[in-house]
Amino acid sequence: MPALDSFIAGLPKAELHVHHVGSASPRIVAELAARHPDGPVPTDPEALADFFTFRDFAHFVEVYLSVVDLIRDAEDVRLLTYEVARDMARQNIRYAELTVTPYSSTRRGIPDAAFVEAIEDARKAAESELGVVLRWCFDIPGEAGLAAAEETARIACDLKPEGLVSFGLGGPEIGVPRGQFKPFFDRAIAAGLHSVPHAGETTGPQTIWDALTELRAERIGHGTSATQDPRLLAHLAEHRIPLEVCPTSNLATRAVTDLDRHPIKEMVSAGVLVTVNSDDPPMFGTDLNTEYAVAARLLDLDPQGIAALAKNAVDVSFMDETAKARLRTEIDTYTATWRG
Ligand SMILES: [Zn+2]
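Note that this is a predicted model, so its numbers are computed, not measured. Numbering of residues starts from 1 in every chain and runs along the sequence as written. The model is predicted, so local features are restricted to residues of pLDDT at least 70 and side-chain atom pairs to those at 80 or more, both for listing and for counting; the totals for chains, interfaces and linings are taken over all residues. Note: side-chain values were computed over all heavy atoms of the structure, leaving out hydrogens and water.

1. A word on the coordination of the zinc ion
In a perfect tetrahedron of four donors around a metal, the angles come out at 109.5 degrees. In a perfect octahedron of six, they are 90 or 180 degrees.
Item 1. For the zinc ion, the protein coordination sphere consists of His-17 (NE2), His-19 (NE2), His-198 (NE2) and Asp-279 (OD), at 2.1 to 2.3 Å.
Item 2. A 2.8 Å cut-off from the metal defines N, O and S donors, relaxed to 3.2 Å for Na, K and Ca; water is not in the atom list, so some sites may appear incomplete. Working rule for geometry: tetrahedral if four donors all subtend angles between 85 and 135 degrees; square planar for four, octahedral for six, if opposite donors exceed 155 degrees and the others stay between 65 and 115; irregular in every other situation. Taken together, the four donor atoms coordinating the zinc ion span angles of 85 to 173° at the metal, a pattern that classifies the geometry as irregular.
Item 3. Along the chain, the residues donating to the zinc ion are arranged with the sequence spacing H-x1-H-x178-H-x80-D. In this pair, His-19 is assigned in strand β1 (residues 13-19) and His-198 in strand β6 (residues 198-199), connecting sequence segments 179 residues apart.
Item 4. Given the relative accessible area of 7%, His-198 is considered buried. Here a helix means four or more residues in a row that DSSP labels H or I, a strand means two or more in a row labelled E, and each is numbered from the N terminus. Summary of the burial criterion: residues with accessible area below 20% of their type's maximum are buried, those above 50% are exposed, and those between are partly exposed, where the area comes from a 1.4 Å probe applied to protein chains only.

2. Remarks on the sheet that holds strand β2 (residues 93-100)
Item 1. Any two strands with at least two DSSP-identified bridges between them are counted as paired. Read across the open sheet, the five strands follow the order β1-β2-β3-β4-β5; overall the sheet is parallel. Of all the strands in the sheet, just β1 and β5 (194-195) have a single pairing partner and so form its edges.
Item 2. One ladder, built from six bridges, connects strand β3 (residues 133-141) with strand β4 (residues 164-170); its direction is parallel. Paired with Trp-136 across the bridge in β4 is Leu-164.
Item 3. Whether two residues touch is decided by their heavy atoms; if any such pair falls within 4.5 Å, the residues are in contact. What counts as an axis is a line fitted to C-alpha atoms, over the stretch in contact for a helix, and the angles between N-to-C directions run from 0 to 180 degrees. Seen against the sheet, helix α5 (residues 74-90) touches β1, β2 and β3 and runs at an angle of roughly 145° to β2.

3. Things to note about helix α7 (residues 112-130)
Item 1. Taking 1.5 Å per residue as the helical rise, α7 with its 19 residues ought to reach 27 Å, and the 26 Å between its terminal C-alpha atoms agrees with that figure.
Item 2. Among all positions in α7, only Phe-115, Val-116, Ala-118, Ile-119, Glu-120, Ala-122, Arg-123, Ala-125 and Ala-126 are buried.
Item 3. Considering only its buried residues, α7 is in contact with α5, β2, α6 (102-106), β3 and α8 (145-159).
Item 4. Of the residues one or two after α7, Gly-131 is the one with positive phi, at around 70°. Here, expected helix span is obtained from the residue count minus one, scaled by 1.5 Å.

4. Describing the UniProt feature "domain: Adenosine deaminase" (unreviewed entry) in the chain
Item 1. Per the UniProt record, "domain: Adenosine deaminase" (unreviewed entry) is found at residues 12-333.
Item 2. The annotated region residues 12-333 carries 50% helix and 14% strand content, and the separation between its end C-alpha atoms amounts to 10 Å. UniProt positions are given in the numbering used here, feature names are shortened, and annotations may be inferred rather than shown by experiment.

5. What about the sheet that holds strand β9 (residues 274-276)?
Item 1. Spatially, β6-β7-β8-β9 is the arrangement adopted by the four strands of the open sheet, whose pairing is parallel. Of all strands in the sheet, those bounded by a partner on one side alone are β6 and β9.
Item 2. Both strand β8 (residues 243-245) and β9 contribute to a ladder of three bridges, which runs parallel. Of the residues in β9, the one forming a bridge with Glu-244 is Thr-275.

6. A short note on the state of the cysteines
In protein chemistry, a disulfide is the covalent bond that joins the sulfur atoms of two cysteines.
Item 1. Cysteine sulfurs are considered disulfide-paired once they come within 2.5 Å of each other. For the structure on display, the rule yields zero disulfides.
Item 2. This cysteine, Cys-157, is not joined by any disulfide, and Cys-137 carries the nearest cysteine sulfur, 13 Å off.
Item 3. Free cysteine: Cys-246, not disulfide-bonded; nearest cysteine sulfur from Cys-137 at 12 Å.

7. A few points about the side chain of Asp-279
Item 1. Along the chain, Asp-279 turns up in the loop between β9 and α14 (288-299).
Item 2. None of His or the chain ends enter the tally, which takes Lys and Arg as positive and Asp and Glu as negative. The working definition used for a salt bridge is a side-chain nitrogen of Lys or Arg within 4 Å of a carboxyl oxygen of Asp or Glu. Although Asp-279 is buried, it makes no salt bridge; Arg-219 carries the closest opposite charge, 11 Å away.
Item 3. Polar contact is defined as a pair of N or O atoms within 3.5 Å, subject to the rule that within protein one atom must be able to donate a hydrogen and the other to accept it, and that residues adjacent in sequence are counted only when both atoms are side-chain atoms. Only 3.3 Å separates the side chain of Asp-279 from the side chain of His-222, close enough to count as a polar contact.

8. Description of the pattern of salt bridges
Item 1. Counted under the stated rule, the structure contains 25 salt bridges.
Item 2. With a closest N to O distance of 3.5 Å, Arg-27 and Glu-31 form a salt bridge. With Arg-27 and Glu-31 both in helix α2 (residues 26-35) and four residues apart, this pair spans about one turn of that helix.
Item 3. Taking the relative accessible area as the measure of exposure, Glu-31 reaches 31% and is therefore partly exposed.
Item 4. Glu-150 is the partner of Arg-187 in a salt bridge, and the nearest nitrogen-oxygen pair spans 3.2 Å. One end of the pair, Arg-187, is in helix α9 (residues 182-190); the other, Glu-150, is in helix α8, and 37 residues separate them in sequence.
Item 5. For Arg-187, a relative accessible area of 33% corresponds to the partly exposed category.
Item 6. Owing to a relative accessible area of 38%, Glu-150 belongs among the partly exposed residues under this scheme.
Item 7. Among the charged side chains, a salt-bridge network with shared partners connects Arg-27, Glu-31, Glu-83, Arg-86, Asp-87 and Arg-90.

So, in structure tokens, the structure goes:
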């Protein structure tokens, strides 16, 4: 393994933009498929690896939906969540804010309380058994409209599980204006949750402005198009509003045409705080370590630079100050003692 890759592999990390169902690796999908062998998902590991080989965005949607179809009861939810944490532990991810879409499960008939209990059980087990601290971002699937927003806000505010820290908005941006979700974000923010919508991944900088002004975004999911608007970049830098950058995902969804043209360098040069994330890692054929390697190449970073990037994620996470200080120290100690 090249020296920088081995540095990244051992580096303690935090991840802020990664989806629950989108993190189901072939190993996890095989376990779920074994529980529900009547579906279209192959259970044989080799066929499953082929099924997971990313072809294009339509194929991604197909894989994603067939995994959603395998999550039918609370035990599936618990298994998925715990096993995602196991994959994180293997990458030395110590803390993750996992974007969870309760609406996908409740509309399939899993009761909201059972859903919340399942993720909370998995969270507690992951922390004590695997050393991975999970927190939740409950997100609105934008394509499902206002009824989904209402249901998501209701579950977030009424059930408010201990691990819940933030409220998000995902799905397509084109034809789904951010502003219509303002009342739901207002409610979530009033209930003490942080606002972290996706914006500017497949649409221009105006969507990012809308996320800031209408949804009071504290961090922006992706924000890829921010570099098209120098005034926006300056605003993000001045107000220290971080971008959750997911390079390989952006390439896979054609938000960027070429990784070498990813705007991460322009963001950093403009003084914007960036974090590196994997989004839907197995479905895009990546993981967080690979994303750090990509970022290190695009930003020309040495181990100290990579460690600084990892600390960005800690700094702008929603963990408490004691936990932040502990993880920062862990990163510093690792970096100081690492021998490549
Ligand atoms: Zn995302």
